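Given next are the chains, with one letter for each unit.
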Amino acid sequence: FANVIRTSSPDVRNNAAAIDNLRDSFVKLSQELPVSFKVLSEIGTLGGQLGIDSSGMDEFVEVVAKLGATTDLSVDRAATALGRFKALLAVPEEDFEELASSILKVGVNSVATESQIVNVATQISSMGAFAGLTAQDVVGLSGALASVGAAPEISRGTLTRLFTLISRAVSGSGEELAKFAKISG
């Protein structure tokens, strides 16, 4: 738990009551979930390193632990993915459970595993943000791309080219835009 304190924001690190509350929260979670206090502390350490705010740390740790327990994602991979979604797609910490549910649902309803979906999603997140996609849109698109066996790096390159072409067509508003409009209906 010392690493959780070390990586936490100063408002936790310098506040004994906040440290006690966070520790108590981890103890309670370890009694409710099939995850040890040690693993929860490792998740909390990752959360601190990823910039998860102290007010959202409990939810982050719980969501990552649940993803680790119910999917093929390791807790390290799940934590890193949520941290990247937060940074690249501006997903607020209070929406992590909804995002995790999206990943799980797409994994259940596609022929891709959750780890394949997350691998593609982290590759295409920045381009998805550029195109105005939500985190759930990115997860859904990632599930489709992973289901057809597209490698994450190829998916990123393809979407980068596609959205660049669309952006150019929109700014040129000529024949190319008309072609995109016709294709998209």
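Enquirer: Break down the packing of helix 3 (residues 16–32) against helix 4 (residues 37–49) for me, citing the residues and quoting the values.
Expert: Two elements in contact, helix 3 and helix 4, have axes separated by 9 Å at closest approach and are oriented at 130 degrees. Viewed along their axes, helix 3 and helix 4 adopt a mutual orientation that is oblique. Like other packed secondary-structure pairs, helix 3 and helix 4 cross with a definite hand, here right-handed. Of the residues in helix 4, those touching helix 3 at Arg 23, Phe 26, Val 27, Leu 29 and Ser 30 are Phe 37, Leu 40, Ser 41 and Gly 44. Broken down by class, the residue content of the contact of helix 3 with helix 4 amounts to 5 nonpolar, 3 polar and 1 charged.

Enquirer: Before we move on, could you go through the nonpolar core and cite the residues and values that matter?
Expert: Membership of the largest hydrophobic core comes to 47 residues, with the highest contact counts inside it found for Phe 60, Leu 82 and Phe 85. Breaking this core down by element, the ones donating at least two residues are helix 3, helix 4, helix 5 (57–70), helix 6 (75–89), helix 7 (96–108), helix 8 (114–130), helix 9 (135–147) and helix 10 (152–172). Excluding residues within four positions of it along the chain, Phe 60 makes contact with Ile 43, Gly 47, Leu 50, Ile 52, Ala 79, Leu 82 and Phe 96.

Enquirer: Can you break down unusual backbone geometry residue by residue, with the values?
Expert: A positive phi angle is found at Ala 90, which is not glycine, with a value near 55 degrees. Within the secondary structure layout, Ala 90 lies in the loop between helix 6 and helix 7. On the accessibility criterion, Ala 90 (62% relative accessible area) is exposed.

The rules behind the values
- Residues numbered from 1 in each chain as written.
- Predicted model: local features only at pLDDT ≥ 70, side-chain atom pairs only at ≥ 80, totals over all residues.
- Heavy atoms only, no water.
- Axes fitted to C-alpha atoms, helices over the stretch in contact; angles between N-to-C directions.
- Helix = DSSP H or I, 4+ residues; strand = E, 2+ residues; numbered from the N terminus.
- Parallel < 35°, antiparallel > 145°, perpendicular 65-115°, else oblique.
- Left-handed = near helix turned anticlockwise from the far one by under 90°.
- Contact = heavy atoms within 4.5 Å.
- Nonpolar A, V, L, I, M, F, W, Y, C, P; charged D, E, K, R; others polar.
- Core = buried A, V, L, I, M, F, W, Y, C linked by side-chain atoms within 4.5 Å.
- Buried < 20%, exposed > 50% of the residue type's maximum accessible area, 1.4 Å probe, protein only.

Any functional reading would require information beyond the geometric quantities listed.
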